[in-house]
Amino acid sequence: MPPPPTARTRHPWLGLLGWLLLCFAVAALGALASRDAPGFYAQLNRPDWAPPASVFGPVWTLLYAMMAVAAWQVWRQRSWGGAAVPLGLFVAQLAANGLWSWLFFGWRLGAPAFADIVLLWVLLAATLAGFWRIRRSAGLLLLPYLVWVTFATALTWSVWQRNPQLL
């Protein structure tokens, strides 16, 4: 006889909703710190390869949605008990992600923002590896995020170094 269905198997879309809510709650907290970001970003001395401020919102919206789907896939495959480490890493990287906006835009602290994004990269790489082992599609969903964070790490460093008076 098969095991009885759990909430994870009976209502899988509620799980997806939960992961979406978590990811977009972090996005909303970051947006609070970034209320004045377009004006501040315009003041900064940026490298030629820095994107315009209008690019960040759409990119992050897509990445947060992909993150939520990736976490949901892993949760559906193994639940919390079977994927505690990669899902814990996911939550940790999400916290580092949300903190970056406060460090860089909210508090204008260049060195801590750079340290945070390096930590985010490490946590994200570990999360991606853990997700990949459980469900390859979940790992693939995190690849664009890792590429973006790699780019954002270089951009954070460059902008911080060019703007010591502001950061």
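Worth saying up front: this structure is predicted, and the values here are computed from it rather than measured.

Reading guide: rules and limits
Residues numbered from 1 in each chain as written. Predicted model: local features only at pLDDT ≥ 70, side-chain atom pairs only at ≥ 80, totals over all residues. Heavy atoms only, no water. Helix = DSSP H or I, 4+ residues; strand = E, 2+ residues; numbered from the N terminus. Areas by Shrake-Rupley, 256 points an atom, 1.4 Å probe, with all protein chains shown as cover. Buried < 20%, exposed > 50% of the residue type's maximum accessible area, 1.4 Å probe, protein only. Expected span 1.5 Å × (residues − 1). Arc of directions from axis to C-beta. Phe/Tyr/Trp six-rings, centres within 6.5 Å; stacked < 30°, edge-to-face > 60°.

## Overview of the overall build of the protein
When you go through the protein residue by residue, the secondary structure sums to 7 helices and 0 strands. Secondary structure elements in the protein, listed N-terminal to C-terminal, are α-α-α-α-α-α-α. With respect to the three principal axes, the spread of C-alpha positions in the protein is 70 × 25 × 20 Å. Carbon and sulfur atoms make up 71% of the accessible area of the protein, which totals about 8700 Å².

## Topic: unusual backbone geometry
Backbone geometry at S79 places phi at a positive 65°, although glycine is not the residue there. By secondary structure assignment, the location of S79 is in helix 4 (residues 53–82). Positioned with a positive phi, R108 is a non-glycine residue whose angle comes to about 55°. On the secondary structure map, R108 appears in the loop between helix 5 (84–106) and helix 6 (110–134). Judged by relative accessible area, R108 falls into the partly exposed class, the value being 32%.

## Points about helix 2 (residues 12–33)
End to end, helix 2 covers 33 Å across 22 residues, agreeing with the expected 32 Å (1.5 Å per residue, within 8%). All of the buried residues along helix 2 are P12, G15, L16, W19, C23, V26, A27, G30 and A33. Angular distribution of buried residues about the axis of helix 2 spans 110°; they occupy a single face of the element. Turned more than 90 degrees away from the buried face of helix 2, the exposed residues are W13, L14 and L21.

## Digging into the packing of aromatic side chains
All told, the structure shown has 20 aromatic pairs when counted by the stated rule. Pairing F40 with F105 gives two aromatic rings, centres 6.2 Å apart and planes at 85°, and the pair type is edge-to-face. Here F40 is found in helix 3 (residues 37–43), whereas its partner F105 is found in helix 5, with 65 residues between them in sequence. Both residues of the pair, F40 and F105, belong to the buried class. Ring geometry for W60 and Y64: centres 5.5 Å apart, planes at 40°, overall tilted. In this pair, W60 and Y64 both sit in helix 4, 4 residues apart, roughly one turn of the helix. Judged by relative accessible area, which is 6%, Y64 ranks as buried. Within the aromatic cluster, the residues linked to one another by ring pairs are Y41, W49, F56, W148 and F151.

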